[in-house]
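Chain residues, written in single-letter form:
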Amino acid sequence: MNAPDEPLRLHEPAGRRLLATTVLGSGVVFLDGTVTNVALPHIGTELHADLAGLQWVINGYTLALASLILVGGSLGDRFGRKRVFAWGTAGFAVASVLTALAPTIELLVGARVLQGIAAAMLTPGSLAMLQSSFHPDDRMKAIGAWTGTLGVATAGGPLLGGWLVGIDWRWAFWINLPLGLLVLWLLRPAPETRDPKAAHHLDLAGLVLTPVTLAGITWALTVWPARSAVVAGVVGLLAAVAFVVAERRERAPMVPLGLFADRVFAAINLVTLFIYAALSGSMLFLAIFLQVSAGWTPLAAGAATVPLSIVMLFLASRGGDLATKIGARTPMVAGALVLAAGLALLAFAPDHPRFLVNILPGVLLMGFGLSLLVAPLTGTVLAAAPDELSGLASGINNAVSRTAGLLAVAALPLLVGLSGEAYRNGPAVASAYRQSMWWCCGLVLLGAALTFLGLTPKRR
């Protein structure tokens, strides 16, 4: 791996600047995802969209991101992580402008797909730059700080989004332009790293089959029980099988299946699927429930999750530090159980909840759980792969987390019986919200069980 001559330290100005750059760059992507949840009811009203159209505002973006994030990681390993990160940041800013200008739901979805493509270029580079640029003693701490600060963008996004949506939902996308320019300015002095052994060959079969797989399955879940759902589902499943066969035969595969021979790498990526599906599904339904059923303003609905971001800001780096000292299994299992308890509390919220009594306790528990869980999860995945494949390992884990969100947004409305124009009906949304929280709670408990079985107590 082509690393900087002198590894960066977290206490040095250069190290702090690189951390700030990666946090802000990744934060723009996370911010966009959370802001969109708050904006959905207003987008549906202005563009006359049904629930399926609104699902694709999220899923078009997530589909492109999940499908191409592996390509983004491999391109960073080959051409330079800093360079590809810069390409993605610039492209994301331009695509955000197109999103803000979209006059119809169809063009909005198309612009969101372009955003997802750009996000796939920049997202894996952030963690890969931290992993390859920092001294080994500072890597887990840097990842923990990255996770905690990024939690502000993830959970604080609804607050900023609520304020912007209250003015005009399009401003929620315009804001990405100045943020992107700031990231490019901060990135200039960062060291460049790459893998000198990276293959100069694109896995075309993997590149085609990945989006076909995800698009087919997502379409089937979104439009079920329409006739096209069966066809799309079959196409998606066949493409998934073909993808595995193609990757086994490919001399330079986009996803080296040998990585999954490592039990830890395989188990933690499956845990990632469960945890991030629960997180994406719960945040989506909470934002819609508070606005449609409870009658809260977008700003109030967004503010409801601010305590989660505050908890993660102060505690997530400590979760990474704790995992370095005692191993990852204990904090990850404990974090998942606390997260599940928070989701269970939120499931009991009445149709017209009071923030201090019905929402705040669950949100705080979610923050504590994620603070214990996310940094060790991310660090363990990266540690399970060779350093020269850090970009690819980051890409795989990010692809899994995005795929989890994609499947959750597509499947949860189907599982809880919400479709068509029902997202405008308060009682229907309230019932769907409670069911969705219990589904998400179950997914987190599965993640806790798998973590306990898949990691050894001293895994560091």
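Residues numbered from 1 in each chain as written. Predicted model: local features only at pLDDT ≥ 70, side-chain atom pairs only at ≥ 80, totals over all residues. Heavy atoms only, no water.

Q: Please explain the overall build of the chain as it appears in this structure.
A: Per the secondary structure count, the chain includes 16 helices and 0 strands. Out of the 460 residues in the chain, the part that is buried amounts to 59%. The contacts in the chain between residues at least 6 apart in sequence include a share of 84% that link residues at least 24 apart. If you sum the accessible surface of the chain, you get close to 17500 Å²; carbon and sulfur atoms cover 70% of it. (Helix = DSSP H or I, 4+ residues; strand = E, 2+ residues; numbered from the N terminus. Buried < 20%, exposed > 50% of the residue type's maximum accessible area, 1.4 Å probe, protein only. Contact = heavy atoms within 4.5 Å. Areas by Shrake-Rupley, 256 points an atom, 1.4 Å probe, with all protein chains shown as cover.)

Q: What is the right way to look at the confidence of the model for the chain in this model?
A: Predicted coordinates in regions of low pLDDT should not be interpreted in detail. The share of residues in the chain with pLDDT of 70 or more is 90%, and the mean pLDDT across the chain is 82. The spread of mean pLDDT over the elements of the chain runs between helix H5 (residues 136-167), the lowest at 71, and helix H13 (residues 329-347), the highest at 92. (pLDDT = per-residue confidence, 0-100.)

Q: So what exactly am I meant to see when it comes to the layout of surface pockets here?
A: Empty pockets left among the atoms are what a rolling probe the size of a water molecule brings to light. Estimated volume of the largest pocket: approximately 650 Å³. Leu214, Phe243, Phe260, Val400 and Thr403 are the residues nearest the centre of the largest pocket, which is lined by 21 residues in total. Among the elements of the structure, helix H2 (51-79), helix H8 (204-223), helix H9 (227-249), helix H10 (263-293) and helix H15 (390-415) are those that each provide at least two residues to the lining of the largest pocket. In terms of residue class, the lining of the largest pocket is built from 17 nonpolar, 4 polar and no charged. (1 Å grid on protein atoms, 1.4 Å probe; cavity = no way out; pocket = protein on both sides within 12 Å on 5 of 7 lines; lining within 4 Å. Points joined across faces, edges and corners; volume = space filled by probe spheres on them. Nonpolar A, V, L, I, M, F, W, Y, C, P; charged D, E, K, R; others polar.)

Q: Hey, could you run me through the packing of aromatic side chains in this one?
A: Pairs of aromatic rings are described using the distance from one ring centre to the other and the angle between the two planes. A full pass over the atoms with the stated rule returns 5 aromatic pairs. With a centroid separation of 6.5 Å and 70° between ring planes, the pair formed by Tyr61 and Phe92 is classed as edge-to-face. Taken together, the residues span a long stretch of sequence, with Tyr61 in helix H2 and Phe92 in helix H3 (residues 81-101) at a distance of 31 residues. For the pair shown, Tyr61 and Phe92 are each scored as buried. Ring plane angle 90° and centroid distance 5.5 Å describe the contact between Phe348 and Trp438, whose orientation is recorded as edge-to-face. A residue pair is termed long-range when its members are at least 10 positions apart, and Phe348 in the loop between H13 and helix H14 (355-383) and Trp438 in helix H16 (residues 426-454) qualify at 90 residues. Overall, Trp438 belongs to the partly exposed group, its relative accessible area being 42%. A cation over a ring is seen here: Arg112 above Tyr61, with NZ or CZ 4.4 Å from the ring centre. The cationic tip of Arg329 hangs over the ring face of Phe452; the distance from NZ or CZ to the ring centre is 4.4 Å. (Phe/Tyr/Trp six-rings, centres within 6.5 Å; stacked < 30°, edge-to-face > 60°. Lys NZ or Arg CZ within 6 Å of the ring centre and 35° of its normal.)

Q: Could you clarify how one ought to interpret the side chain of Thr22 in this entry?
A: By secondary structure assignment, the location of Thr22 is in helix H1 (residues 13-47). In contact with Thr22, not counting residues within four places along its chain, are Phe85, Ser126, Met129, Leu130 and Trp146.

Q: In this structure, what is going on with the packing of H13 against H16? I would like to understand it.
A: The geometry of a pair of packed helices is captured by two quantities: the angle between their axes and the separation between those axes. Contact geometry for H13 and H16: axes closest at 8 Å, N-to-C directions at 170°. Considering the angle they form, H13 stands roughly antiparallel to H16. Crossing handedness for the pair H13 and H16: left-handed. Facing Arg329, Met332, Val333, Ala336, Leu337, Leu339, Ala340, Leu343, Ala344, Leu346 and Ala347 of H13, the residues of H16 in contact are Tyr433, Arg434, Met437, Trp438, Cys440, Cys441, Val444, Leu445, Ala448, Thr451 and Phe452. Of the residues contributing to the contact of H13 with H16, the split by class is 19 nonpolar, 1 polar and 2 charged. (Axes fitted to C-alpha atoms, helices over the stretch in contact; angles between N-to-C directions. Parallel < 35°, antiparallel > 145°, perpendicular 65-115°, else oblique. Left-handed = near helix turned anticlockwise from the far one by under 90°.)

Q: Can you help me understand the packing of H3 against helix H7 (residues 176-187) in this one?
A: Packing of H3 against H7 brings their axes to within 8 Å, and their N-to-C directions diverge by 165°. Relative to H7, H3 is oriented roughly antiparallel. The two elements H3 and H7 cross, and the hand of that crossing is left-handed. Touching Lys82, Phe85, Ala86, Thr89, Ala90, Phe92, Ala93, Ser96 and Val97 of H3 are Asn176, Leu177, Gly180, Val183, Leu184 and Leu187, all from H7.

Q: Just checking my understanding: could you explain empty space enclosed by the protein for this structure?
A: Counted under the stated rule, the structure contains 6 cavities of 30 Å³ or more. The space that makes up the second largest cavity amounts to roughly 110 Å³. Taken together, 13 residues make up the lining of the second largest cavity; nearest its centre are Leu40, Leu51, Gln55, Leu284 and Ile288. Listing elements by their share of the lining of the second largest cavity, those giving two or more residues are H1, H2, H10 and H15. When residues in the lining of the second largest cavity are grouped by element, the largest group, 4 residues, is from H2. For the lining of the second largest cavity, a count of residues per class yields 12 nonpolar, 1 polar and no charged.

Q: Before we go on, may I ask you to explain the pattern of salt bridges in this structure?
A: Two side chains with opposite charge may pair up if their charged atoms get near one another. On inspection of all chains with the given rule, the structure shows 2 salt bridges. Residue Glu46 is joined to Arg170 by a salt bridge in which the shortest nitrogen-to-oxygen separation is 3.0 Å. In this pair, Glu46 is assigned in helix H1 and Arg170 in the loop between H5 and helix H6 (171-174), connecting sequence segments 124 residues apart. A salt bridge links Asp351 to Arg434, with the nearest nitrogen and oxygen atoms 2.4 Å apart. (Salt bridge = Lys/Arg side-chain N within 4 Å of Asp/Glu carboxyl O.)

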